[in-house]
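The residues making up each chain are set out below.
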Amino acid sequence: MTVLPAADAPIPVFTTLQELYGSLMIAAKHAGRWNELVTEFEAKFGRKPTYIARAPGRVNSRNAGEHIDYAHFGVFPAAIEHDILIACAPRSASTTAAYSDHHPPGLVVAENLQTRYTRQVFTPTRRHALGDDVPPDAVHVTPWHLDIDKSELRWESYVKAGYYGVLNHFFSPSSTSPVPVPVDILVTGNVPPGSGLSSSAAMVVSSTLAFLAANGIFNGENAPTKGELVNIAMENERRVGVNSGGMDQSASVIALPGSALYVSFVPSLHAEPIVLPRNAVFVCANSLVVSNKAESAKHQYNLRVVETLGAARVLSNHLSLQVDSADGENTKRRLVTLREVLARKSGFIETSKIAQREDLVQLRKVLEDVLEGNVLDCLLPKVEGRTGVTPEEMIRMSGMDEAEFREVYLSWVDVETTHFELYLRAKHVFEEALRVLQFREVCLGGGDNEESKLQTLGNLMNNSHESCNKQFDCSHPKVNDLVQVARSFGELETGRGKGRVYGSRVTGAGWGGCIVSLVHREDVEAFIVHVKKGYAVEDLTGWVFATEPGMGACVFKCTD
């Protein structure tokens, strides 16, 4: 039997929860939520759902890998049990009759099990515009459109974002082509918003799956693979203003039970399941500081994206690398990532383009060489006393004129700052990329000394947190407090000696949300009690939980 690479596999469709979760015990644990969803769907819409789309949240790498996916470096995420579920069913002729005079095909009636979220009804439209080379009396048809107000994101904004990709990838805007069916959906989820567990990615992935299923796209030859779904979901989440790099979507879609994933993006998306040490358990704890990645993007998440891209441009100019293409007598400028700069500096860009997978041995050596030298010093200002550069300094260091720099680097994204921290952001990205490779090597390494492995992994986690806090500035005082509480378990007597917590770090985009700790399997319960008691700022009842790598996104087909 041929085993497909993880990213090339089809989206799984299940008919039993035991098959979905891979364990009768885990299925029984979650059965109540699924039953409630089906019951409530029938109560609200008068019939049972035909499908339930599921997409899990994720915890990143259990060690390192924050904020390096959009620089195109590999990451190490894993799916968690917490998820978003969306029940859906096409509207029948009788249920659409009441809407037929007012709503074209593709109508969506969206409900949420959380009562604070009200029913939403929306319909996609075909956008028409005149093309530059089209006669005034001709009509040029452009893709489908849904209104999403990025200045005031609501729960249905993420549902619409998922629908966007289905419309524009699988339905032609032509008036003579097939149209999407009217759909009823009901949403529920237990991934806390703003917690760093990728609730937004899970919502967008689940929404995308629900509309694919409701429109019967899984049954045809156009059904997307897991890797294709990742790319669609990345594109969809940008509809709500977040320039995601792909880690969250990869973990939510491609994850396999019992394994973390090493996800690489060069030369193409590739996911490698990695088995963790047998006594490694990861415990998530929520600081209860809510960080809305989309709403704060202009001075946090999206700003970091621009800072890493700006650092790559300045580095390429300093190293005299050829990263742009010629268009006649003009130079065509483009965005360049730190991963590409590293490849071009080291001379392996051509081989990586044709390779099936990146050369990790070579990548590690190049990362070590860059970090051991002083090449990153070119990102510092010439003025002593600060590490950040002004916009004017960054433009001058880039080798581009102001108009073209602003067009390529700032016209497509809204950011606010007086200084860009190019040096600190680039240093974090290169060090974090190296930690990911080291983590992978430890997990794959042989030998029977598991305690030594766990300690090494824990040290990588601790170093990652220090970098996220001090170099990438994406932690939060309360998150740091929670990290210290978690690490202090190692000073506690448990009856088996000192508590075995090996490392703790912020997870997710940061600026609040969750931490993740690596804990020995035998000490998990005592660790959870310790964290709940020690983090006196808030009541953590229900907000500290152990998790092991789970199944990625899937579709459940409801049967009578």
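Data block above holds the structure.
These numbers come from a predicted model, not from an experiment. Going along each chain's sequence as written, the residues are numbered from 1 onward. Local features in this predicted model are restricted to residues whose pLDDT is 70 or higher, and side-chain atom pairs enter the listing and the counts only when it is 80 or higher, whereas totals over whole chains, interfaces and linings include all residues. Calculated side-chain values reflect all of the structure's heavy atoms, with hydrogen atoms and water omitted.

A.B. asks: Before we move on, can you summarise the overall build of the protein chain with the specific residues and values?
C.D. replies: Segments assigned H or I by DSSP are reported as helices when at least four residues long, segments assigned E as strands when at least two residues long, and all are numbered from the N terminus. Regarding its fold elements, the protein chain presents 17 helices and 17 strands. Only protein chains enter the calculation, and the probe is 1.4 Å; a residue is then buried if its accessible area is under 20% of its type maximum, exposed if over 50%, and partly exposed in between. Scored against the burial criterion, the 560 residues of the protein chain give a buried share of 58%. The contact criterion used is simple: two residues touch if any of their non-hydrogen atoms lie within 4.5 Å. By sequence separation, contacts in the protein chain at least 24 residues apart represent 73% of the contacts at least 6 residues apart. Where accessible areas are quoted, they stem from the Shrake-Rupley method and a 1.4 Å probe; at the residue level, only the protein chains shown are allowed to cover. Taken as a whole, the protein chain presents about 23700 Å² of accessible surface, with 50% of it coming from carbon and sulfur.

A.B. asks: Would you mind going over the sheet that holds strand β15 (residues 514-520) in detail, with residue names and values included?
C.D. replies: With respect to topology, 4 strands assemble into an open sheet ordered β14-β15-β11-β16, the strand pairing being antiparallel. A single partner strand is all that each edge strand has here, and the edge strands are β14 (501-506) and β16 (544-547). Strand after strand, the sheet turns through a mean of 25° between neighbouring axes, direction not considered. Where strand β11 (residues 280-286) lies against β16, 4 bridges are found, and the strand directions are antiparallel. By the bridge assignment for β16, Ala285 is matched with Val544. Axis definition: a line fit to C-alpha positions, over the contact stretch in the case of helices; interaxial angles, taken between N-to-C directions, run 0 to 180 degrees. Along the sheet, helix α16 (residues 477-487) contacts β11, β14 and β15; its crossing angle with β14, the most-contacted strand, is approximately 175°. A pair of strands is labelled paired if DSSP reports no fewer than 2 bridges between them.

A.B. asks: An account of empty space enclosed by the protein is requested, with residue identities and associated values reported.
C.D. replies: The way it works is a 1 Å grid over only the protein atoms, where trapped points that fit a 1.4 Å probe form a cavity and open points with protein on both sides within 12 Å along at least five of seven lines form a pocket, and then any residue with an atom within 4 Å of a point lines it. Grid points are joined across faces, edges and corners, and a volume is the space filled by probe spheres set on the points. As enumerated under the stated definition, the model contains 1 cavity of 30 Å³ or more in all. Each pocket or cavity is described by its volume, and for the largest cavity that value is around 40 Å³. In terms of lining, the largest cavity is formed by Leu315, Leu319, Val341, Leu342, Lys345, Val370, Val375, Leu376 and Phe430.

A.B. asks: For the pattern of salt bridges, give the residues involved together with the corresponding values.
C.D. replies: Salt bridges are identified by distance alone: a Lys or Arg side-chain nitrogen within 4 Å of an Asp or Glu carboxyl oxygen. Under the defined criterion, the tally for this structure stands at 33 salt bridges. Two residues, Glu81 and Lys29, come together in a salt bridge whose shortest N-O distance is 3.0 Å. Here Lys29 lies in helix α2 (residues 24-45) and Glu81 lies in strand β3 (residues 78-90), a separation of 52 residues in the sequence. Where Asp473 meets Arg304, a salt bridge forms, and the shortest distance between an N and an O atom there is 3.8 Å. Separated by 169 residues along the polypeptide, Asp473 in the loop between α15 (450-470) and α16 and Arg304 in helix α8 (residues 301-318) bring together distant segments of the chain.

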